[in-house]
Amino acid sequence: MTEPLIVGAMVRTLGAYPSGWRQPGAHRDPAADADILRHIAREGEDAGLDYLFFGDWLATGPDLEFRDPYLLARIDPVSAVLFLAGITSRIGLIATVNTTYADPYTTARSLASLDVLTRGRAGINLVTGAEPRAAGNHGRDAHADNETRYDRAEEFVEALRRLWDSWDEDAWIADAERGVLIDPEGLRAADLHGAQVRVTGPLNVARPPQGRIPIVHAGTSTRSRALAATEADLALTAAPTLADGIATRRLLRDIAAEAGRSPDALKVIAPVLPVVADTDAAAHRIVERLLALVPLAEGHQPSRTAFPPNRTVAALADALDVAADDPLRAVAFDAPVTAAEAARLGERGAALIERLARIAGLHVSGLHVSGAGRGEPLTWRHLVAAHAVPAAFVVGDARTIADHFETWRDEGAADGFNVLSAFQPAQFEAFTRLAVPELRRRGLVRDAGEREGATLRDRLGISSYVDA
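Residues numbered from 1 in each chain as written. Predicted model: local features only at pLDDT ≥ 70, side-chain atom pairs only at ≥ 80, totals over all residues. Heavy atoms only, no water.

### Section: the overall build of the protein
Thinking step 1. Helices and strands together make up the secondary structure of the protein, namely 16 helices and 13 strands.
Thinking step 2. Over its C-alpha trace the protein gives a radius of gyration of 24 Å, about what one expects of a compact globule, namely 23 Å for 468 residues.
Thinking step 3. Its C-alpha atoms give the protein principal-axis dimensions of roughly 90 × 55 × 45 Å.
Thinking step 4. Looking at the protein as a whole, 53% of its 468 residues are labelled buried.
Thinking step 5. Long-range contacts, defined here as pairs at least 24 residues apart, represent 75% of the contacts in the protein between residues at least 6 apart.
Thinking step 6. With 50 positive and 64 negative side-chain charges, the protein shows a separation of 2 Å between the mean positions of the two kinds. (Helix = DSSP H or I, 4+ residues; strand = E, 2+ residues; numbered from the N terminus. Rg over C-alpha atoms; globule rule 2.2 N^0.38 Å. Buried < 20%, exposed > 50% of the residue type's maximum accessible area, 1.4 Å probe, protein only. Contact = heavy atoms within 4.5 Å. Lys, Arg positive; Asp, Glu negative; His and termini not counted. Charge placed at Lys NZ, Arg CZ, Asp CG, Glu CD.)

Written out as structure tokens, the structure is:
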């Protein structure tokens, strides 16, 4: 029997699409994140999702307003999962920690504490960082190079595991009659003296219920994939197509096997941004509005800083290799794209037009495009926004979303999905209330109450310990 999918939510309170916060009723105030986090946790747990996942970014700046608004101001991920620990009872809680700047002892202690407090629902996503501004925020002159960061990350993992193994399972005796609280032989030091990480231990937290807390890692570099395949329980990928997903999962499993690890011990998780509604047409209208609300250069105030340079028709024309003297470069953002203009955009332009027909139902008058319905006409605004702000949209009703999940599982592209929501709370509710019941009906996910009392490791279907 094929295993059900692992399905978790990647939580971004301001939404995962840059214009999502502009939707009517969308959450848009980071100071009120406590309320939306409670709501997301309740929705996710009631739906039977396997975990809530909190990413991180260790700096901010005005450029993020247009590129990734959710990064401007966000709750520290360890604080977020500890906050939710007391108001959830079943769902896993995964926090991101940057190994380049974090202290391994503090990290091991925080996550072990979370695991104890939640009876085994903690997980940790380890990243090495890609934001140069983080260096200055941590008293350093420059961000470390890739090789140095991954050398440290590998030692960081070893430190975590040694610290979590500080206590034997039977070291805590608590025999009041004999006056014996612990077996000192069951408490050991970490004694790691690496080139990047040094820690003595032992850890002053009880043994985590899961033993070793599940580790998550994502990345595309050779070192990153090696770390994910050999050390992680979940490997997060960013494959844009089904073929890419199949190839990436196969590569990661091959690396795991070459390292002497069972490939089945590694679960490969793909990101997905479902836009869900009662009908495909209604979902298309949501995407059309998201694209229309992306800030573009037209009407932009010159006094505002850090506006992206790729949000103009001229930038789109450059990307599509349109001739420098072509009148297309001077068209108005809100003018409909004509069939004659579409013909001058080349193969990449045709692919972009076809994608917009598929995800937003937009059409070009006089041009037959597979997937185009009777929705709004395609404008240059739509084209520029879709090119400048791409997203892994899967758009439609519950059956359309379930078809995508089922295809990726059956074709060997993913063992599960990290679900992003374009805006909160409406799109997360649409996924949990419309798509999840359809996934459950098909046997793609487990019943909500099937794993009452299960640890996160149990929910993920991974062994108690990562293979040596």
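From this point, the discussion proceeds with the structure in view.
### Digging into the packing of helix α7 (residues 222-231) against helix α8 (residues 242-258)
Thinking step 1. Taken N-terminus to C-terminus, the directions of α7 and α8 make an angle of 65°; their axes are 8 Å apart at the nearest point. Accordingly, the angle class assigned to the pair α7 and α8 is roughly perpendicular. For the pair α7 and α8, the crossing hand works out as right-handed. Listed contacts from α8 to Arg225, Ala226, Ala229 and Thr230 of α7 are Thr248, Leu251, Leu252, Ile255 and Ala256. (Axes fitted to C-alpha atoms, helices over the stretch in contact; angles between N-to-C directions. Parallel < 35°, antiparallel > 145°, perpendicular 65-115°, else oblique. Left-handed = near helix turned anticlockwise from the far one by under 90°.)

### So, the side chain of glutamate 45
Thinking step 1. Relative to the elements of secondary structure, glutamate 45 occurs in helix α1 (residues 33-47).
Thinking step 2. Despite being buried, glutamate 45 has no salt bridge partner; arginine 90 is the closest side chain of opposite charge, sitting 4.4 Å away.
Thinking step 3. Looking at glutamate 45, its side chain comes within polar contact range of the main-chain nitrogen of serine 89, at 2.9 Å.
Thinking step 4. Here glutamate 45 is in contact with Thr88, Ser89, Arg90, Ile91 and Arg121, once residues within four sequence places are set aside. (Salt bridge = Lys/Arg side-chain N within 4 Å of Asp/Glu carboxyl O. Polar contact = N/O pair within 3.5 Å; in protein donor to acceptor, adjacent residues only side chain to side chain.)

### Focus on the pattern of salt bridges
Thinking step 1. For the structure on display, the rule yields 32 salt bridges.
Thinking step 2. Here arginine 223 and glutamate 147 are joined by a salt bridge, their closest N and O atoms 2.5 Å apart. Linking arginine 223 in helix α7 with glutamate 147 in helix α6 (residues 146-164), this pair joins segments that are 76 residues apart in sequence.
Thinking step 3. Accessibility expressed as a relative area gives 16% for arginine 223, which makes it buried.
Thinking step 4. Put simply, arginine 399 and aspartate 397 hold a salt bridge, and the shortest N to O gap is 3.5 Å.
Thinking step 5. Overall, the relative accessible area of 55% leaves arginine 399 in the exposed class.
Thinking step 6. Residues joined by salt bridges that share partners form a network here, namely Asp63, Arg67, Asp68, Glu131 and Arg133.

### Let's talk about the packing of aromatic side chains
Thinking step 1. With the rule as written, the count across this model stands at six aromatic pairs.
Thinking step 2. One aromatic cluster in this structure is built from Phe405, Trp408, Phe417 and Phe431. (Phe/Tyr/Trp six-rings, centres within 6.5 Å; stacked < 30°, edge-to-face > 60°.)

### Quick look at the environment of leucine 273
Thinking step 1. Looking at the secondary structure, you find leucine 273 in strand β11 (residues 267-276).
Thinking step 2. Given the relative accessible area of 3%, leucine 273 is considered buried.
Thinking step 3. Through-space distance from the C-alpha of leucine 273 to that of glutamine 427 is 9.8 Å; in sequence the pair is 154 residues apart.
Thinking step 4. Those residues in contact with leucine 273 that lie beyond four places of it in its chain are Ala16, Ala391, Ala392, Phe393, Val394, Leu420, Ser421 and Ala422.

### Some remarks on helix α12 (residues 346-360)
Thinking step 1. Along its 15 residues, α12 runs 21 Å from first to last C-alpha, staying within 8% of the 21 Å computed at 1.5 Å per residue.
Thinking step 2. Where α12 is buried, its residues meet α9 (280-292), α10 (313-319), α11 (339-343), α13 (380-388) and β12 (393-396).
Thinking step 3. Looking one or two residues beyond α12, the residue adopting positive phi is glycine 361, at roughly 65°. (Expected span 1.5 Å × (residues − 1).)

### With respect to the environment of glutamine 23
Thinking step 1. Checked against the element boundaries, glutamine 23 lands in the loop between β1 (6-10) and α1.
Thinking step 2. Since its relative accessible area comes to 6%, glutamine 23 is described here as buried.
Thinking step 3. In sequence terms glutamine 23 and phenylalanine 423 are 400 residues apart; their C-alpha atoms lie 7.4 Å from each other.
Thinking step 4. For glutamine 23, the residues in contact, after removing those within four places along its chain, are Arg28, Ile286, Arg289, Leu290, Leu293 and Phe423.

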